[in-house]
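Notes for the structure review
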Amino acid sequence: MIAAQLLAYYFTELKDDQLKKIDKYLYSMRFSDDTLKDVMNRFRREIENGLGRDTNPTATLKMLPTFVRSIPDGSEKGDFIALDLGGSNFRILRVKVTRDKKQPVQMESQVYDTPDDIIHGSGSRLFDHVADCLGDFMEKQQIKDKKLPVGFTFSFPCAQTKLDEAVLVTWTKKFKASGVEGMDVVKLLNKAIKKRGDYEADIMAVVNDTVGTMMTCGFDDQRCEVGIIIGTGTNACYMEELRHIDLVEGDEGRMCINTEWGAFGDNGSLEDIRTEFDREIDRGSMNPGKQLFEKMASGMYMGELVRLILVKMAKEGLLFEGRITPELLTKGKIETKHVSAIEKTKEGLKKCMEILTRLGVEPSDEDCLAVQHVCTIVSFRSANLVAATLGGILSRLKENKGVARLRTTVGIDGSLYKMHPQYSRRLHKTVRRLVPDSDVRFLLSESGSAKGAAMVTAVAYRLTEQARQIQQTMAEFRLSKAQLLEVKKRMRVEIERGLKKDTHKEATVKMLPTFVRRTPDGTENGDFLALDLGGTNFRVLLVKIRSGKRRTVEMHNKIYAIPIEVMQGTGEELFDHIVFCISDFLDYMGMKSARLPLGFTFSFPCHQTSLDAGILVTWTKGFKATDCEGEDVVELLREAIKRKEEFELDVVAIVNDTVGTMMTCAYEEPTCEVGLIAGTGSNACYMEETKNIEIVEGNEGRMCVNMEWGAFGDNGCLDDIRTKYDQAVDENSLNEGKQRYEKMCSGMYLGEIVRQILIDLTKRGYLFRGQISETLKTRGIFETKFLSQIESDRLALLQVRAILQQLGLDSTCDDSIIVKEVCGTVSRRAAQICGAGMAAVVDKIRENRGLGHLDITVGVDGTLYKLHPHFSRIFQQTVKELAPKCDVNFLLSEDGSGKGAALITAVGCRQRELDAQQH
């Protein structure tokens with residue numbers, strides 16, 4: 001018993017002693033975490049160089065764009081063929097992708113030989129061989145008559161400018177077919193297929209095996225955005241933000257980048273950690289000075305590294321009692337599979353004994369222990385190096401996403417990773433230490449790169465089909481110049497119908513007279529009260545206007561909410577609430593006793609019979625108060641003031657906010673004779689010749705006409721450009737069939753149009769993985785302010801995703817691109833048809849005055865115009881294109897409904913005095 005324990009103790013001592021010696025001997029192959037973090041940072045720098053336009057030509061990491069822009073989202077389906085050429089065997093697969101949960105992917109494959117004489121012969125022979133094999137495969141599958149989409153895994157460094165083209169940079173691995181380097185391999189293969197002429201194939205995508213790995217794993221786990229191969233060679237790819245890839249146009253979305261990381265260190269950046277053994281391997285290789293990282297980490301060189309170390313140790317008498325045999329000196333006698341066998345926990349030492357015995361070195365037990373330890377150090381170094389470069393990619397992904405913690409999946413393939421007993425565990429452990437703030441799942445790629453090629457093809461197929469369908473949907477919103485001129489022409493027709501006595505009654509564009517006969521001239525003076533009712537908030541203002549050399553306008557105001565039950569209660573309750581608010585304001589200003597002139601901005605369609613009388617035609621914007629439609633709102637206000645019996649007011653004018661907007665701007669700029677509101681609602685007004693307004697007495701001078709153009713199209717004249725989404729928005733609105741033009745171009749409805757389109761695209765499976773969330777079903781959820789945010793040029797897609805996440809929409813990168821495009825298309829059409837309406841107005845004024853050329857200013861207000869990043873630009877551009885004989889200047893209004901109401905009241909008071917003097 002004692003003897004056995006002693007022996008075990010002696011053996012352990014011996015083991016520790018022996019291992020320490022080797023650790024010391026191979027000290028330069030063992031890395032601290034600090035060294036690995038340093039390697040990780042160097043790798044990050046090389047990534048940046050490879051991505052930069054100016055630095056790429058000299059960068060060691062080529063960072064090749066693959067034009068794979070999207071990982072599978074699980075909605076792919078179809079029948080595909082995949083070709084896999086990258087080694088001594090050539091595989092062809094038929095991959096059927098279904099939405100069947102149990103077995104989503106069915107594969108049948110066949111392996112064909114690629115003999116040496118073909119690999120080293122001419123390029124045309126090689127591709128004829130591929131085309132022949134494909135023909136044979138299709139024959140056996142009985143699909144020669146079908147033109148199936150083909151994905152081509154071509155595992156050599158290629159330069160791509162699109163998904164279905166790949167120019168071979170250089171042959172690697174034993175391939176040396178002439179006349180292929182510098183050529184597009186898709187063209188060569190297509191040529192060979194055409195030459196046969198007995199079948200057709202649609203080659204949609206060329207990928208390399210690393211990308212194939214990422215895509216295969218991506219089908220099973222949508223979080224997968226990195227692919228690595230650790231086998232004979234080593235490489236990685238990952239999804240990079242397009243805005244960082246200088247070599248590719250565009251900055252929306254992501255693209256998979258093939259790093260070709262085997263060349264890391266070719267510029268000398270790893271010299272301090274390369275050993276004499278690495279240098280010896282490099283000198284004896286087919287490509288000295290190239291792929292230095294690969295030579296330190298990949299399976300192709302691992303056995304050879306171990307052999308070189310053993311030779312040196314034996315020469316120094318540290319192993320095999322100095323015995324050196326011809327076998328030990330023969331290159332390639334120790335292979336990576338031997339290293340894997342020696343490192344197995346249980347039978348490793350036994351295997352080691354067998355392998356070393358075959359080399360004739362007559363190993364002792366201590367020798368076997370020592371060799372096992374050498375193998376461990378070499379393979380562990382490989383795992384550590386790969387962990388450092390992978391760590392570089394992961395930390396970059398984390399930074400790109402701007403998250404505190406990264407959740408991602410890495411797809412892995414390769415014989416070394418799969419077959420080596422300890423490799424994967426060591427790699428995972430080191431990665432977790434180097435990138436602690438991340439949750440990384442490692443997913444083994446089951447059927448490797450070929451299935452990946454089918455996946456890339458499936459995704460490309462889905463995206464092509466999806467893009468086509470989406471473009472088809474969006475095409476209805478893209479109006480040509482001819483269509484816009486038609487909108488302008490029809491607006492002009494409706495304007496005439498609204499002005500004429502005979503047609504005014506049934507006209508949709510009401511052209512309501514406002515009895516505002518002139519714009520301010522600067523002599524206005526006094527204190528005025530203004531009320532502003534037009535939405536969920538109600539304002540009371542005191543406006544002090546002073547004329548003279550230094551014209552000033554001083555304003556005080558208070559905002560009051562209107563509860564929904566008041567908006568939709570009785571008329572009496574609504575006006576009592578308004579008077580209560582006025583009373584509170586007068587107390588607040590200490591002005592209860594003065595009888596002030598008042599202007600009432602009432603932003604609903606009114607039929608005015610004089611400046612201070614307006615009959616409500618119809619409620620809009622969610623108001624529903626009873627007993628108001630058909631009544632004079634000024635009278636309703638006067639009666640409510642009487643009921644209150646607290647103060648007196650002189651109601652001088654009832655004002656529409658659009659007219660107020662024109663007046664405010666006209667106070668600053670005398671050429672302003674048009675007003676436009678492009679906000680929650682949409683409307684315009686302008687100074688028309690009184691003689692043209694047939695429903696008003698008199699022919700002298702001009703009068704401002706409130707167009708109420710939101711109702712343009714209510715008679716069906718815009719039906720040819722209304723889409724099914726516009727119809728859905730109309731059907732779900734409070735006033736179905738009314739205000740159709742407004743529903744196509746005002747802020748209140750744009751978000752709703754977008755929501756309808758998103759629902760449709762989701763139902764058709766092109767968005768949000770076909771899942772319609774509860775949020776998306778909610779009316780009004782997609783506020784117009786989100787459109788403004790989403791379309792902002794400064795906004796990266798990450799922020800678009802964040803906005804969609806706030807709305808409970810879990811979106812991928814692709815979803816965000818589509819949502820952004822939908823928003824842009826809808827708001828562009830809004831700005832264009834609004835511009836077409838305005839072009840009709842300014843041209844009418846020009847013709848009224850018999851001018852060949854008109855200079856005019858439009859006063860504009862409204863959140864859509866002011867806050868949306870592109871609306872105003874597109875709107876102005878449209879007016880310019882459609883009314884080329886008018887020079888239109890646009891002026892932003894400062895508070896049209898408050899200050900404007902006071903100015904109209906002031907102009908009205910002046911008019912009253914003039915009238916009184918004349919009588």
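Structure shown above.
Below is a summary of the structure that appears in this document. Small disclaimer: the values here were computed from a predicted structure and weren't measured. (Residues numbered from 1 in each chain as written. Predicted model: local features only at pLDDT ≥ 70, side-chain atom pairs only at ≥ 80, totals over all residues. Heavy atoms only, no water.)

Quick notes on the overall build of the chain
We apply this condition: For helices the rule is a DSSP run of H or I covering at least 4 residues; for strands it is a run of E covering at least 2, with both sets numbered from the N terminus onward. Based on C-alpha atoms, the radius of gyration is set beside the globule rule, defined as 2.2 Å times the residue count to the power 0.38. Contacts: residue pairs with any heavy atoms within 4.5 Å of one another. Working definition of accessibility: Shrake-Rupley area with a 1.4 Å probe, residue cover restricted to the visible protein chains. Neither His nor the chain termini are counted; the positive set is Lys and Arg, and the negative set is Asp and Glu. One atom stands in for each charge, and that atom is NZ of Lys, CZ of Arg, CG of Asp or CD of Glu.
What the chain contains, in helices and strands, is 31 helices and 26 strands. Over its C-alpha atoms the chain spans a radius of gyration of 39 Å, topping by over 25% the 29 Å that the globule rule assigns to 919 residues. C-alpha atoms of the chain, sized along the principal axes, occupy 130 × 70 × 50 Å. Counting contacts in the chain only where the partners sit at least 6 residues apart, residues at least 24 apart contribute 70% of the total. Carbon together with sulfur atoms contributes 49% to the accessible area of the chain, which is approximately 38800 Å² in total. Side chains of the chain carry 126 positive and 134 negative charges; the gap between the two charge centres is 4 Å.

A closer look at unusual backbone geometry
Backbone geometry follows two general trends: most residues other than glycine have a negative phi, and most peptide bonds adopt the trans configuration. For Met63, which is not a glycine, the phi torsion comes out positive at approximately 45°. In this structure, Glu260 is a non-glycine residue whose phi angle is positive, near 50°.

A word on the nonpolar core
What counts, and what does not: To form a nonpolar core, buried Ala, Val, Leu, Ile, Met, Phe, Trp, Tyr and Cys residues must be joined to one another through side-chain atoms within 4.5 Å. Three exposure classes are used, based on accessible area relative to the maximum for each residue type with a 1.4 Å probe and protein chains only: buried under 20%, partly exposed in between, and exposed over 50%.
Among the nonpolar cores identified, the biggest contains 111 residues, and Met707, Trp709, Phe782, Met838 and Phe875 are the most heavily contacted of them. Examining the composition of this core, we find that 16 residues originate from one element, helix α28 (residues 813–848), more than from any other. With residues up to four places along the chain from it excluded, the contact list for Phe782 reads Gly751, Glu752, Val754, Arg755, Leu758, Leu787, Ile790, Leu804, Leu807, Val819 and Cys823.

A few points about helix α21 (residues 657–668)
Cut-off, in case you're wondering: Expected span of a helix: the number of residues minus one, times 1.5 Å. Here a polar contact is taken to be a pair of N or O atoms separated by no more than 3.5 Å, where protein atoms must pair a possible hydrogen donor with a possible acceptor and residues adjacent in sequence count only if both atoms sit in side chains.
Under the 1.5 Å per step criterion, the end-to-end length of α21 is 17 Å for twelve residues, consistent within 8% with the ideal 16 Å. Of all twelve residues in α21, eleven are buried; the element is thus mostly enclosed. Those residues of α21 lying buried are Asp657, Thr658, Val659, Gly660, Thr661, Met662, Met663, Thr664, Cys665, Ala666 and Tyr667. Sitting at the head of α21, Asn656 places a side-chain oxygen 2.7 Å from the backbone nitrogen of Thr658.

Comments concerning the sheet that holds strand β9 (residues 224–230)
What counts is decided by this rule: The pairing criterion for strands is at least two bridges between them, as found by DSSP. Axis lines are fitted through C-alpha atoms, for helices just across the contact stretch, and the angle between N-to-C directions can take any value from 0 to 180 degrees.
The mixed open sheet is built from six strands, whose spatial order is β1-β11-β10-β9-β12-β13. Two strands in the sheet have a free side with no partner beyond their single neighbour: β1 (64–65) and β13 (438–444). Helix α6 (residues 209–220) contacts β9, β10 (234–241), β11 (254–258), β12 (406–413) and β13 of the sheet and is inclined by roughly 135° relative to β9.

Notes on the sheet that holds strand β8 (residues 202–207)
Backbone-to-backbone hydrogen bonds pair the strands of a sheet. The strands run either parallel or antiparallel. The strand order across the open sheet formed by five strands is β4-β3-β2-β5-β8, and the pairing between neighbours is mixed. If you trace the sheet from one side to the other, it starts and ends with β4 (105–113) and β8, each paired once. Averaged over all pairs of adjacent strands, the angle between their axes in this sheet comes to 20°, without regard to strand direction. Where strand β5 (residues 149–154) lies against β8, five bridges are found, and the strand directions are parallel. Paired with Phe152 across the two strands is Val206, which belongs to β8. Against the sheet, helix α4 (residues 123–141) engages β2 (78–85), β3 (89–97), β4 and β5, with an angle of about 135° to β4. Of the strands in this sheet, β2, β5 and β8 are in contact with helix α5 (residues 185–196), which crosses β8 at around 145°.

Considering the packing of helix α7 (residues 276–283) against helix α9 (residues 299–315)
For clarity, the cut-off: Reported orientations rely on four angle classes, namely roughly parallel under 35 degrees, roughly antiparallel over 145, roughly perpendicular from 65 to 115, and oblique for the rest. Throughout, a crossing is termed right-handed when the near helix is turned clockwise from the far one, and left-handed when it is turned anticlockwise from it by less than a right angle. When residue character is reported, Ala, Val, Leu, Ile, Met, Phe, Trp, Tyr, Cys and Pro are called nonpolar, Asp, Glu, Lys and Arg charged, and the others, Gly included, polar.
Contact geometry of α7 with α9 gives a least axis separation of 10 Å together with a crossing angle of 120°. With respect to α9, the axis of α7 lies oblique. Seen from above, α7 lies across α9 with right-handed handedness. Residues Glu276, Phe277, Asp278, Glu280 and Ile281 of α7 touch α9, and the partners they reach there are Tyr301, Glu304, Leu305, Leu308, Ile309 and Lys312. Partitioning the contact of α7 with α9 into residue classes produces six nonpolar, no polar and five charged.

Side note on the environment of Gln568
With respect to the secondary-structure elements, Gln568 resides in the loop between α18 (564–567) and α19 (571–589). You can call Gln568 partly exposed: its relative accessible area is 41%. Taking C-alpha positions, Gln568 is 37 Å from Arg873, a pair spaced 305 residues apart along the chain. Contact partners of Gln568, with chain neighbours within four places excluded, come to Gly622, Lys624 and Ala625.

Some points on the packing of aromatic side chains
Put simply, the test is: When two rings of Phe, Tyr or Trp (its six-membered ring) have centres within 6.5 Å they constitute a pair, described as stacked for plane angles under 30 degrees, edge-to-face for angles over 60, and tilted for the intermediate range.
This structure, assessed with the given rule, holds 22 aromatic pairs. Both rings, one in Phe604 and one in Trp619, keep their centres 4.9 Å apart while their planes meet at 85°; by these two values the pair is edge-to-face. You can see Phe604 sitting in the loop between β18 (596–602) and β19 (606–610) and its partner Trp619 sitting in the loop between β20 (613–616) and α20 (633–644), a full 15 residues away along the chain. By relative accessible area, Trp619 is classed as buried at 8%.

Quick notes on a positive patch on the surface
What counts, and what does not: Patch rule: a residue counts if its relative accessible area is over 30% and it has no salt bridge; like charges are joined within 9 Å, and nonpolar side chains (Val, Leu, Ile, Met, Phe, Trp, Tyr) within 5 Å. Only one rule defines a salt bridge in this text: a Lys or Arg side-chain nitrogen within 4 Å of an Asp or Glu carboxyl oxygen.
On the surface, Lys344, Lys350, Lys351 and Arg358 cluster together into a positively charged patch. Note that Lys350 resides in helix α11 (residues 348–358). On the basis of relative accessible area, Lys350 is assigned to the exposed category, the value being 59%.

What about the side chain of Thr430?
Here Thr430 shows up in helix α14 (residues 423–434). Setting aside chain neighbours within four positions, we find Thr430 in contact with Leu36, Phe380, Asn384 and Ala387.

A short note on the pairing of strand β16 (residues 537–546)
Here β16 lies mainly inside the structure; seven of its ten residues are buried. In the sheet, strand β15 (residues 526–533) pairs with β16 via eight bridges, with the strands oriented antiparallel. Bridging across to β16, Asp532 finds its partner in Arg539. Between β15 and the antiparallel strand that follows it, β16, lie three residues. Where β16 and strand β17 (residues 552–561) come together, ten bridges link them in antiparallel fashion. Note on β17: the bridge partner recorded for Arg539 is Ile559. Turn length for the β16-β17 hairpin, with the two strands adjacent in sequence and antiparallel, is five residues, and the turn residue Gly548 shows positive phi of about 100°.

Remarks on the pattern of salt bridges
For the coordinates displayed, the defined rule picks out 76 salt bridges. With a shortest N-O distance of 2.7 Å, Lys401 and Glu225 are connected by a salt bridge. Placement of the pair is Lys401 in helix α12 (residues 365–401) and Glu225 in strand β9, with a sequence separation of 176 residues. You can call Lys401 partly exposed: its relative accessible area is 24%.

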